[in-house]
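Observations on the three-dimensional arrangement
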Amino acid sequence: MRLGLVIDLDVCVGCHACAIACKQWNASGTTGPLSDYQPYGAEPSGVWFNRIRHFEVGEYPHNKTINFPMSCMHCEDAACVTVCPTGASYKRAEDGIVLVDQDKCMGCNYCSWACPYGARELDRASGTMKKCTLCVDRIYDETIPIEERQPACVLTCPAHARMFGDFDDPDSAVSRAVREREGYQLLPELGYNPTNHYLPPRKAPPIPTENLGQPGFKERLKTFANKLVKR
Amino acid sequence: MHPAFSVIFFTVASGAGFGLFALLYLADLLQLGGGLSRQQVSVGGAIALVLIIAGLLSSVGHLANPKNAWRAFSRWRTSWLSREGVFAVTFFPFAFGYVGLSFLDLGLEGLLLTLGALATLLAWVTVFSTSMIYACLKTIRQWNTPLVPANYLALGHYTGALILMLIANQGEVDRAPYYFLVLAFLVAAAFLKGLYYFWIGSPVAASTIHTATGFTRAQVKLFDAGHTHGTFLTQEFGFQIARRWALALRIFVFLAGFVIPFVWLVQAGPEVSGGAVVALIALLGVLAERWLFFAEARHVVNLYHGAQRC
Ligand code: SF4
Ligand code: SF4
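To start, this report covers the structure provided alongside it. (Residues numbered from 1 in each chain as written. Chains lettered and ligands numbered in written order. Predicted model: local features only at pLDDT ≥ 70, side-chain atom pairs only at ≥ 80, totals over all residues. Heavy atoms only, no water.)

Turning next to the overall build of chain A. Across its full length, chain A carries 7 helices and 11 strands. By the compact-globule yardstick of 17 Å for 231 residues, chain A is too spread out, its C-alpha radius of gyration being 24 Å. Burial statistics for chain A: of 231 residues in total, 53% are counted as buried. A total of about 11,600 Å² of accessible surface is found on chain A, and carbon and sulfur atoms cover 55% of it. (Helix = DSSP H or I, 4+ residues; strand = E, 2+ residues; numbered from the N terminus. Rg over C-alpha atoms; globule rule 2.2 N^0.38 Å. Buried < 20%, exposed > 50% of the residue type's maximum accessible area, 1.4 Å probe, protein only. Areas by Shrake-Rupley, 256 points an atom, 1.4 Å probe, with all protein chains shown as cover.)

Written as structure tokens, this is what we have:
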């Protein structure tokens, strides 16, 4: 199995709901708590597994804002695991999820240097590295209904911009979406082979705005009246 | 990258210590300039060990969770950081044996030289591993080059040679070979550093905001980073120094690190006096070099925080 996410950039509305749901679920999950620093102070900051950035593509008037959620890509060739000197970072053989063992991490930050996607954040309260677990404590939980055994971000997304599934299964929703919508990976030149894929915004045909046809009867009547009445 | 002082001090101090140790051993083996006395060897070895230990202790300072540091020896199969730890620790018994036997002067020449040879090999491998911690990262273009290990080795030996010259100056040996050793390493280190600065000036195969986002048909600009204040990522990787300062610092690196020591050495000749001042100035230059090495490195994650290319 090779579990991961597909993010549809055509649909993401940039509401940050996935990030909030992620923080809520994982604050009490396997790697929680996720510390906040000065939450009500002048410089609020803290540990998050999932962050949404916003990019502007193209130049006015042919521009577009694209909302860009990013969490751990659960890379196939995850250098964060290779470089970790303590063995705290590991990739599960059975489903490809990359995790950090909080009891082994010494907080050297080396794995965060190796990750090109900014997926790892040091928790300064515990001194250990934290990262997206793909909600490993949720997706295998047999006490919740089967349709809820999904990562918190996927469940919560109001726009359905996120899909979760097995990339090794060619018939899974994620595999099909990547195939049909030309899903792609970020920073492919670095060779990490990230599992998570992004679906590009669709290229919609332009809506005509000129030569919209003859004016209707009401329009012609108004024009006629305007000609009659001197102002 | 954010330059952490503990790491800067660690790489400079232990680099000089390992360089000094290796050169001390070679000088002893080849009886350079008539051969150092046993006392000089033990003093030099002790200085090297102090530098190395101080560096290693300082490196622990940047760990957020040092109580797990002992686990860092476990992943030597894949991690250069782990390898560095393992090699550094295996270095000590041999190095202590060599320095200790030199101090006791028991006359066990064969054993002495064997221990020294093994320790010297481990010293080289350790410095190489330290440099590979940085050179192996594909995420930081400025580090991902064989020039990094070359620079670390050259600078470690250069600073080590300076200290060795000071030690040689205290005794009966012919000073000339030690003096020329310093000059040779100075020129090599300056050349390699110059090459490195030249190389990072012209990006090869850099990642851009286009490959980072996948939008390759139009200009892409970061519109909003999605957080109101800095995060771990912006603190760790977002360190920016103005180009103006980078240039001034590079000039300082060359002046203090190489030019002033060179001029001083050349005009003083092998009978150089005030060598300690030269060594101190050179060390300051190397500290600045190491600071720049971190500060000038740009991590690809900056593409998600507004950089156009890295
Ligand atoms: S995205 Fe980063 S943290 Fe996640 S597997 Fe890849 S390299 Fe590791
Ligand atoms: S911070 Fe923790 S998980 Fe990351 S490389 Fe260091 S020990 Fe491994």
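Picking up after the structure, the text goes on.
This next bit is on unusual backbone geometry. Excluding glycine, a negative phi dihedral is what most residues carry, and trans is how most peptide bonds are arranged. The residue after Gly-32 of chain A, namely Pro-33 of chain A, is reached through a cis peptide bond having omega -5°. Mapping Pro-33 of chain A onto the fold places it in the loop between helix 1 (17-27) and strand 2 (36-37). For the peptide bond that leads from Tyr-60 of chain A to Pro-61 of chain A, omega is 5°, which places it in the cis range. Its place among the elements puts Pro-61 of chain A in the loop between strand 4 (51-57) and strand 5 (64-70). The phi dihedral of His-74 of chain A is positive, around 45°, even though this residue is not glycine. Turning to its location among the elements, His-74 of chain A is positioned in the loop between strand 5 and helix 2 (79-83). Phi angles above zero are rare outside glycine, and Gln-31 of chain B is one such case at about 50°. With respect to the helices, strands and loops of the structure, Gln-31 of chain B is situated in the loop between helix 1 (5-30) and helix 2 (38-60). With relative accessibility at 41%, the residue Gln-31 of chain B sits in the partly exposed group.

The subject of this paragraph is the site of ligand 1. Close to ligand 1 lie 13 residues, the nearest being Cys-72, Met-73, Cys-75, Cys-80 and Cys-115 of chain A. Counted by class, the shell around ligand 1 contains 10 nonpolar, 1 polar and 2 charged residues. (Near = heavy atom within 4 Å. Nonpolar A, V, L, I, M, F, W, Y, C, P; charged D, E, K, R; others polar.)

Along the polypeptide, Ser-71 of chain A turns up in the loop between strand 5 and helix 2. With residues near it in sequence (within four places) discarded, Ser-71 of chain A still touches Leu-5, Phe-49, Asn-50, Ala-119, Cys-132 and Asn-196 of chain A. (Contact = heavy atoms within 4.5 Å.)

A few words now on the sheet that holds strand 11 (residues 197-199) of chain A. All names here are of chain A. With mixed pairing, 3 strands are arranged side by side in an open sheet as 10-1-11. The strands lining the two open edges of the sheet, one partner per strand, are strand 10 (162-166) and strand 11. Strand-to-strand twist in this sheet, taken as the mean axis angle between neighbours without regard to direction, amounts to 25°. In this fold helix 6 (residues 173-180) packs onto strand 1 (3-8), strand 10 and strand 11, with an angle of close to 115° to the strand it touches most, strand 10. (Pairing = 2+ DSSP bridges. Axes fitted to C-alpha atoms, helices over the stretch in contact; angles between N-to-C directions.)

Another aspect to go through is the sheet that holds strand 4 of chain A. Sheet architecture is open: 3 strands sit in the order 5(A)-4(A)-1(B), paired in antiparallel fashion. Single-partner strands in this sheet number two, and they are strand 5 of chain A together with strand 1 (220-224) of chain B. On average, each strand axis in the sheet is inclined to that of its neighbour by 35°, with strand direction left out of account. Here strand 4 of chain A pairs with strand 5 of chain A via 7 bridges, running antiparallel. Bridge pairing in strand 5 of chain A places Arg-51 of chain A opposite Met-70 of chain A.

So, about the packing of aromatic side chains. Residue and element names in this part refer to chain A. Per the counting criterion, the structure on display carries 31 aromatic pairs over all chains. Relative to Tyr-198, the ring of Tyr-184 has its centre 6.5 Å away and its plane inclined at 35°; by these criteria the two rings are tilted. Taken as a pair, Tyr-184 in the loop between helix 6 and strand 11 and Tyr-198 in strand 11 lie far apart in primary sequence, 14 residues in all. Tyr-198 matches Tyr-184 in its accessibility class, with the two residues each being buried. (Phe/Tyr/Trp six-rings, centres within 6.5 Å; stacked < 30°, edge-to-face > 60°.)

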